[in-house]
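Per-entry structural report
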Amino acid sequence: MDKILVLDFGSQYSHLICRRIREFSVYAELVPFDIGSDEIKRHDPRGIVLSGGPSSVYDSAAPRPDGGVFDSGLPLLGICYGHQLIVDRFGGRVKRANKEYGSSALSIDDDADLLSGVGGSVRAWMSHGDEAEEIPDGFKVIGHTDSSKAAAIAMRDRPVYGIQFHPEVAHTERGSEILENFVVKICKARQDWTMEGFIESAVEKISKIDGGVLCGVSGGIDSTVAALLIHRAVGDRLKCVFVDNGLLRHGERGEIEAMFRDNFGVDFSTVDAADEFLGRLGGVTDPEKKRKVVGEEFVRVFSEFAKKNGPFAWLAQGTLYPDVIESGVSKGPASVIKSHHNVGGLPDWLNLDVLEPLRELYKDEVRRIAGLLGVPERLLKRHPFPGPGLAVRIMGEVTREKLQIARTAGQIVEDEIAKAGLYDKVWQAYAAVGDDRAVGVVGDERRYGNVVIVRAVDSIDAMTADWTRLPHELLERISNRITNEIEDVTWVTYAISSKPPSTIEPQ
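Note that the structure is predicted; figures quoted are calculated from it, not measured. The numbers attached to residues start from 1 for each chain and follow its sequence in the written order. Totals for whole chains, interfaces and linings use all residues, but because this is a predicted model, local features are given only for residues with pLDDT of at least 70 and pairs of side-chain atoms are given and counted only at 80 or more. The basis for every side-chain value is the complete set of non-hydrogen atoms in the structure, without hydrogens or water.

**Some details on the overall build of the protein**
Under the DSSP-based scheme used, a helix requires at least four consecutive residues in state H or I and a strand at least two consecutive residues in state E, with every element numbered from the N terminus. Helix and strand counts for the protein come out as 15 helices and 18 strands. Since a compact globule built from 507 residues should have a radius of gyration of about 23 Å, the 24 Å found for the protein is in line with a globular shape. Seen along its three principal axes, the alpha-carbon backbone of the protein occupies a region of about 70 × 65 × 40 Å. Burial classification: accessible surface area is computed with a 1.4 Å probe over protein chains only, and a residue below 20% of its type maximum counts as buried, one above 50% as exposed, and the rest as partly exposed. Residues classed as buried in the protein amount to 57% of the 507 residues present. Only heavy atoms enter the contact rule, under which two residues are in contact if any of them lie within 4.5 Å. A separation threshold of at least 6 residues defines the contact pool for the protein, and within that pool the share at least 24 residues apart is 75%. With residues, only the protein chains shown are counted as cover, and all accessible areas are computed by Shrake-Rupley using a 1.4 Å probe. Surface accessibility of the protein: about 20800 Å² in total, with carbon and sulfur atoms responsible for 46%. Computation of the radius of gyration draws on C-alpha atoms alone. For the globule rule, the value is 2.2 Å times the number of residues to the power 0.38.

**Some thoughts on helix α7 (residues 221-234)**
Under the convention used throughout, the expected extent of a helix is 1.5 Å for every residue step, that is, one less than its residue count. Here α7 is 14 residues long and its end C-alpha atoms lie 20 Å apart, about the 20 Å a rise of 1.5 Å per residue gives. Buried residues dominate α7, accounting for 12 of its 14 residues. Listing the buried residues of α7 in full gives I221, D222, S223, T224, V225, A226, A227, L228, L229, I230, A233 and V234.

**Thoughts on the pairing of strand β8 (residues 152-155)**
Along β8, one buried face is formed by A152 and A154 and the opposite face, lined by I153 and M155, is buried too. As judged from the four bridges shared by strand β7 (residues 139-144) and β8, these two strands associate in the antiparallel manner. Bridge pairing in β8 places F139 opposite M155. A pair of strands counts as paired when DSSP detects no fewer than two bridges linking them. When β8 meets strand β9 (residues 160-163), the two strands line up antiparallel, connected through three bridges. Looking at the pairing, A154 lines up with Y161 of β9. Between the end of β8 and the start of β9, which pair antiparallel, lie four residues.

**Re the confidence of the model for the protein**
Mean pLDDT over the protein: 90, with 95% of residues reaching 70 or higher. Per-element confidence in the protein ranges from a low mean pLDDT of 67 for helix α11 (residues 321-326) to a high of 98 for strand β3 (residues 47-50). Predicted confidence is poor over residues 329-341, with pLDDT under 50, and the contacts of this stretch with residues over four places away or in other chains come to 57 contacts. As a per-residue quantity, pLDDT reports the predictor's confidence and falls between 0 and 100.

**A few points about the pattern of salt bridges**
Here, a salt bridge means any Lys or Arg side-chain nitrogen found within 4 Å of an Asp or Glu carboxyl oxygen. The tally for this structure, following the rule as stated, stands at 42 salt bridges. In this structure, R42 and E39 form a salt bridge, with 2.7 Å as the shortest nitrogen-oxygen distance. Of this pair, R42 and E39 both sit in helix α2 (residues 37-43), three residues apart, roughly one helical turn. Judged by relative accessible area, E39 falls into the partly exposed class, the value being 31%.

**Considerations on the nonpolar core**
Within the largest apolar cluster, 45 residues are counted, with the highest numbers of intra-cluster contacts made by L214, L247, V398, V413, I417, V452 and I482. Those elements that provide at least two residues to this core are β11 (238-244), α9 (274-281), α10 (287-309), α14 (400-419), β15 (428-442), β16 (445-459) and α15 (472-485). W193, I230, L238 and A370 belong to the second-largest nonpolar core, a separate cluster that totals 43 residues. For the purposes of this section, nonpolar cores are sets of buried Ala, Val, Leu, Ile, Met, Phe, Trp, Tyr and Cys residues that join through side-chain atoms within 4.5 Å.

**Focus: the layout of surface pockets**
Using only the protein atoms, space was sampled on a 1 Å grid; points where a 1.4 Å probe fits but cannot get out form cavities, open sets with protein on both sides within 12 Å along at least five of seven lines form pockets, and lining residues are those with an atom within 4 Å of a point. Grid points are joined across faces, edges and corners, and a volume is the space filled by probe spheres set on the points. Put simply, the second largest pocket is a space of about 510 Å³. Lining the second largest pocket are 19 residues, with Y27, F198, S201, K205 and E360 sitting closest to its centre. In terms of residues, the lining of the second largest pocket owes the most to one element, helix α6 (residues 195-206), which gives six residues. Think of it as three bins: nonpolar holds Ala, Val, Leu, Ile, Met, Phe, Trp, Tyr, Cys and Pro, charged holds Asp, Glu, Lys and Arg, and polar takes everything else, Gly as well. When its residues are assigned to classes, the lining of the second largest pocket shows 10 nonpolar, three polar and six charged.

**Points about the environment of G282**
Summarising the element assignment, G282 is placed in the loop between α9 and α10. C-alpha of G282 to C-alpha of I394: the two residues are 112 residues apart in sequence and 13 Å apart in space.

**Things to note about the packing of aromatic side chains**
Each aromatic pair joins two rings of Phe, Tyr and Trp (for Trp, the six-membered one) with centres within 6.5 Å, and gets the label stacked for planes under 30 degrees apart, edge-to-face for over 60, and tilted for any other angle. Tallied over the entire structure, the rule returns 11 aromatic pairs. Their ring planes at 90° and their centres at 5.8 Å tell us that F70 and F90 sit as a pair that is edge-to-face. Taken together, the residues span a long stretch of sequence, with F70 in helix α3 (residues 67-71) and F90 in the loop between α4 (81-89) and β5 (93-108) at a distance of 20 residues. Taken together, a centroid distance of 5.2 Å and an interplanar angle of 75° make the contact between F260 and F264 edge-to-face. As far as burial versus exposure is concerned, F260 and F264 are alike and both buried. Throughout this description, the term charge over a ring refers to an Arg CZ or Lys NZ atom that lies within 6 Å of the ring centre and within 35 degrees of the ring normal. It is R89 that lies over the ring of F90; its NZ or CZ is 5.7 Å from the centre.

**Thoughts on the state of the cysteines**
Formally, a disulfide is one covalent bond, and it connects the sulfur atom of one cysteine to the sulfur atom of another. Here, the term disulfide refers to a pair of cysteine sulfur atoms separated by no more than 2.5 Å. As enumerated under the stated definition, the model contains zero disulfides in all. Just so you know, C187 is unpaired, no disulfide at all, and the nearest cysteine sulfur is the one on C18, 13 Å from it. Judged by relative accessible area, C187 falls into the buried class, the value being 3%. Unpaired in terms of disulfides, C215 finds its nearest cysteine sulfur in C240, a separation of 4.8 Å.

**So, the pairing of β3**
Going residue by residue along β3, you find G47 and V49 tucked away on one face and I48 and L50 tucked away on the opposite face as well. Where strand β1 (residues 3-8) lies against β3, four bridges are found, and the strand directions are parallel. Its bridge partner being in β3, L7 is matched across the sheet by L50. In this structure, β3 lies alongside strand β4 (residues 76-79), joined through three bridges in parallel fashion.

Spelled out as structure tokens, the structure:
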């Protein structure tokens, strides 16, 4: 199948470029920025995208691609730092500028090729501290903003383009169309990447492994799809285990056990380890340390289960692309946003090989695979829930009191959103609690109680998200129920920060 290579220079959006391209049924693969010319030829791509990144091209240690990338004759698209690399490589000049972060009005100067059909002006997402002061000879400006006179450039006689903004993020209007223009019209890539093909390929690869497979399932869509794919490939060599870590949503354990018992013909067991997890989390307040503690405890439980019920050669997980990029273990020089319990939280003493069949996929792709595998509608529409559970929705130390508040308040949030007919329209909604306290009045008495944070976001892939504009009347009902039904809560707030700059979960 046709392929687009995305060279990773460390942007947190690098994987998102791949995901956007895959929306057009074209396979995109993220590769190291310094991939050699021979390796590029082996991939035989239809085009190359240079991602953004935190570096400056004029720094001596700035990451640069192999010179063969520019001499390959393949269509090139540079985004942000990639744009600056193109300017620098072909003889232009890049300078430090006032940092531009956020939405800017992009005026289209030339609507041929890359910006075809976009219109006269769109909102574009900027995130940079450098800009092109002089564009190279042989290039022309095809788009500009008030702050960036060369926000989009094109080579006159070759399919080489540079754009200062990020078309891959949802905040850029018509961004997907810009990428599609490059991938389909300019690179002429065939649109033959499908989830049906992925299932066939994944099952074929997994069927070749030896030994038993232990799959940790959470009841979420990622681990469930991973389990079903592996079961299709290895049959009864797979055993699934669900760990009740005491950090679950209201009624979660019973719902998960019923789902696997009634819908999937896999070997399934439950381990009750709530006391162990809560004991390990005692006194831990740092967000990263909490995630790593949860990750280590999961693997300890899995290892003990494997010793008693094995032998197993593999530990399977539902790791996705966003987990990998945010944990800082991708192929490029990205920084860590936060460790995921199934990626950065795995300890060195793990004595099972790790099997991650979904590691190269995004959430929306996994949902499509789930539908093809016959996963029940209820699970398909269920809001995502973090692997470390309520531990990341509790700021400060995880205590049983704060767990009860987060669990009950979260159930109220989901109940009220469902009653309003909005559950399937909201990507994720929950309640969080920390150590902040505020004075309230209950009857004729003053009460010093906890502050609950309500969070609801809209997203497609979890890489970016926008806060949901819930009706004020709905927020009022949620607040009233939380303060009336949970004795220790006096204030309810609503989080209105999008990702970026925030993350979806508070920790």
